[in-house]
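Structural features, examined
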Amino acid sequence: MSARIIDGKAFAAGLRQRIAAEVTRLKQAAGFTPGLAVVLVGEDPASQVYVRSKGKATLEVGMASFEHKLDVGTTQEALLALVDKLNRDPAVHGILVQLPLPKHIDEARVLATIVPEKDVDGFHVVNAGKLATGAKDAIVPCTPLGSLMLLKDTLGDLAGKSAVVVGRSNIVGKPMAQLLLKESCTVTVAHSRTRDLPAVVRQADIVVAAVGRAEMVKGDWIKPGATVIDVGINRVTGPDGKARLVGDVDYESALPVAGAITPVPGGVGPMTIACLLANTLIAACRAKGLAEPTL
Ligand code: NDP
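Throughout what follows, the structure given in this document is the object of discussion. As the structure is a prediction and not an experimental result, all values here were calculated from the model.

What the second largest pocket holds in volume is close to 710 Å³. For the lining of the second largest pocket, the secondary structure elements donating two or more residues are α6 (142–155), α7 (173–182) and α10 (269–287). When residues of the lining of the second largest pocket are assigned to their parent elements, the largest contribution, five residues, is made by α10. In terms of residue class, the lining of the second largest pocket is built from 14 nonpolar, three polar and six charged.

What follows is the structure, encoded as structure tokens:
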């Protein structure tokens, strides 16, 4: 048996198409264009790539993109002043400050300064609290949101399933666990201090790996037929000396055991930007008092 491969790239393309159609409809019916502001401080190469692809994806769905590239030496005060300006700008419905920020800037302070209504990354404590308490207007972090969409598309109703999330970060593991709990899964959150992790993972109908360790979750950790969502993105050098991307799951050994699995690349990765656009669209509709589209 070989697992069904969950095509995140195709699902994300469909989602982006639905977002683009909705943006066109909003322009015609309500006469406004949703806008996303992305702020980059410094010249971290990976962050530059992310910011460029976010800007491109924003324009492709017909939204307005506002890119702010600041010098690495930018002071915290100057960054907070920019965030404050974007908070008050009616053309901006979503604000994303690309992380990591240079060491002299207090990341938590910056994230807390973004108004929760425009926090399309979903990192603000108000949005984290809303997700945890089941509020309908929480803005949910993009990677877990995209992972949940793939899970529901693959499995339908998730109620009663046992789910293990490996990783407890604020941006992936914890919100993922909250989302699965909201879907009535029985959720276990594992981390670096978990004892006998393979045995814990083996209980799961759903495994979400968000660890940041290349190919750590092995095929013999997985219950036969389980659905595996691999959030990890790790750059490794192969025996041929070439760099390639791998997940947190050992794909080759997991493939014959799992029922369904996301590949890396082409699984969760493409969902993250698509969900950022979805969050921006929803934030824009809320700002205008319009009904939220079903995507
Ligand atoms: P963090 O480093 O913030 O968190 C990693 C988590 O994994 C921690 O909770 C840590 O536990 C746990 N962990 C580390 N080592 C082990 C171990 N040996 N056994 C069990 N648990 C362990 O990472 P992120 O959550 O930010 O990201 C996780 C992965 O997802 C990374 O590969 C990242 O690149 C990728 N990612 C992908 C995105 C996408 O768009 N597809 C977006 C965001 C992230 P503890 O808390 O105890 O230290």
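Read on for the rest.
With that out of the way, let us pick up the sheet that holds strand β8 (residues 227–230). One open sheet holds the six strands; their spatial order is β1-β11-β8-β7-β5-β6, and the pairing between them is parallel. The open sheet is flanked by β1 (4–5) and β6 (186–190), the only strands paired with a single partner. By the bridge criterion, two bridges tie β8 to strand β11 (residues 260–261) in an arrangement that is parallel. Bridging across to β11, Val-228 finds its partner in Ile-261. Where α6 meets the sheet, its contacts fall on β1, β7 (206–209), β8 and β11, and the angle it forms with β8 comes to roughly 160 degrees. Here α7 sits on the sheet and contacts β5 (162–166), β6 and β7; the angle it forms with β5, its principal contact strand, is near 170 degrees.

Here three strands make up an open sheet; going across it, the order is β3-β2-β4 and the pairing parallel. Edge positions in the sheet fall to β3 (64–70) and β4 (94–97), since each of these pairs with one other strand and no more. Here the strands of the sheet are splayed against their neighbours by 15 degrees on average, with no regard to which way each runs. Looking at chain direction, strand β2 (residues 35–41) and β3 are connected through seven bridges and run parallel. Looking across to β3, one finds that Leu-40 is bridged to Lys-69.

Rules of the game
- Residues numbered from 1 in each chain as written.
- Predicted model: local features only at pLDDT ≥ 70, side-chain atom pairs only at ≥ 80, totals over all residues.
- Heavy atoms only, no water.
- 1 Å grid on protein atoms, 1.4 Å probe; cavity = no way out; pocket = protein on both sides within 12 Å on 5 of 7 lines; lining within 4 Å.
- Points joined across faces, edges and corners; volume = space filled by probe spheres on them.
- Helix = DSSP H or I, 4+ residues; strand = E, 2+ residues; numbered from the N terminus.
- Nonpolar A, V, L, I, M, F, W, Y, C, P; charged D, E, K, R; others polar.
- Pairing = 2+ DSSP bridges.
- Contact = heavy atoms within 4.5 Å.
- Axes fitted to C-alpha atoms, helices over the stretch in contact; angles between N-to-C directions.

Coordinates in, geometry out; function isn't part of it.
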